[in-house]
Amino acid sequence: MFSIVIPLYNKELSIESTIQSVLNQTYQNYEIIVVNDGSNDSSAKVVQSIHDNRIRMIHQKNQGVSAARNRGITEANNDWIAFLDGDDLWKKNHLEEILRMMAAFPMDKVHVTSFEYSDNRKLFKHPRSRSIFKIENYFKEALKEALIWTSIIVVHKSCFKEIGCFDTGLNRGEDTDLWARLASNFNIIKSSVNTAVYRIEAENRTALSKDLDSTYIYHIELNETIDLEKRKYFEEMIANRLYQYIRSKDITSFRKLKKRYPSIKYI
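Now for a look at the structure at hand. As the structure is a prediction and not an experimental result, all values here were calculated from the model. (Residues numbered from 1 in each chain as written. Predicted model: local features only at pLDDT ≥ 70, side-chain atom pairs only at ≥ 80, totals over all residues. Heavy atoms only, no water.)

1. So, helix α4 (residues 94-104)
Okay, so step 1: Burial in α4 covers these residues: H94, L95, E97, I98, M101 and M102. One side of α4 carries all its buried residues, which in axial view fall inside an arc of 155°. (Buried < 20%, exposed > 50% of the residue type's maximum accessible area, 1.4 Å probe, protein only. Helix = DSSP H or I, 4+ residues; strand = E, 2+ residues; numbered from the N terminus. Arc of directions from axis to C-beta.)

As structure tokens, then:
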């Protein structure tokens, strides 16, 4: 039923618990595809020590998380692709909740549950009348709510044939880019049930990139964005990044991004 794609790069301290969170699922019809993206620690050995014939590990030279996820999509034997990062956790009901969503919206191809941070920080959520629903205006609602995250999304394989996969030319924001393309072309079905944990204390988390040329935010074409809600979404994203650069005292990146988008004001 599901092909679970796990990109792996230097996650020896967390990958075992991540995979175990999949093996603990109440729904058990799946394969696990671990794409070892050139890890130089003991990550691969940890995976090999887990004995379950549904786990398949693919090795490749380090090409980045987008290439690893795309390789997993290509290698998947099933039509429904679920993503899980190598340092995060699923609760036991994750796949079961996805099945509930599919039953409620059988014609749709993008399903997203909800998540929580490991430090229990509060997350804004719009009030909903139902636990499973279609997001009516993704770009408007995403201004306040973290609607999509890699480890809670399940996408039908046919979607990638239509809009493409993760952009391997980006080293930051490659997921945001894909969510925007999915939201522009497909209905997004959402569940308010928390089924995953974002482990903020996990090793090797991506820091704020200083290589602006290879970030999604530097390549947004504001002048070509006609939809007002989408434009506002992008403008706020850029303004937030400008603010982050100021806070981190990265003046070089700030000036470069401000030059790219001179009309954007930061808070």
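2. Points about the packing of aromatic side chains
A ring pair, where both rings are aromatic, is described by two values, the distance of the centres and the angle of the planes.
Okay, so step 1: Applying the stated criterion to the full structure yields 14 aromatic pairs.
Okay, so step 2: Aromatic rings pair up to connect Y138, F139, Y216, Y233 and F234 into one cluster.
Okay, so step 3: In this structure, K256 packs its charged tip against the face of Y218, placed 5.5 Å from the ring centre. (Phe/Tyr/Trp six-rings, centres within 6.5 Å; stacked < 30°, edge-to-face > 60°. Lys NZ or Arg CZ within 6 Å of the ring centre and 35° of its normal.)

3. As for the packing of helix α8 (residues 228-247) against helix α9 (residues 251-260)
Okay, so step 1: Where α8 meets α9, the closest approach of the two axes is 8 Å, and the angle between their N-to-C directions is 155°. If you check the angle between α8 and α9, you find them roughly antiparallel. The handedness of the crossing between α8 and α9 is left-handed. Contacts between α8 and α9 involve I238, R241, L242, Y245 and I246 from the former and I251, S253, F254, L257 and K258 from the latter.
Okay, so step 2: A breakdown of the residues in the contact of α8 with α9 according to their chemical character gives seven nonpolar, one polar and two charged. (Axes fitted to C-alpha atoms, helices over the stretch in contact; angles between N-to-C directions. Parallel < 35°, antiparallel > 145°, perpendicular 65-115°, else oblique. Left-handed = near helix turned anticlockwise from the far one by under 90°. Contact = heavy atoms within 4.5 Å. Nonpolar A, V, L, I, M, F, W, Y, C, P; charged D, E, K, R; others polar.)

4. Looking at unusual backbone geometry
Okay, so step 1: You will see that N10, though not glycine, has its phi angle at about 55°, which is positive.
Okay, so step 2: Within the secondary structure, N10 sits in the loop between β1 (2-8) and α1 (15-23).
Okay, so step 3: Even without glycine at this site, K249 takes up a positive phi of about 60°.
Okay, so step 4: With respect to the helices, strands and loops of the structure, K249 is situated in the loop between α8 and α9.
Okay, so step 5: When its relative accessible area of 71% is taken as the criterion, K249 is described as exposed.

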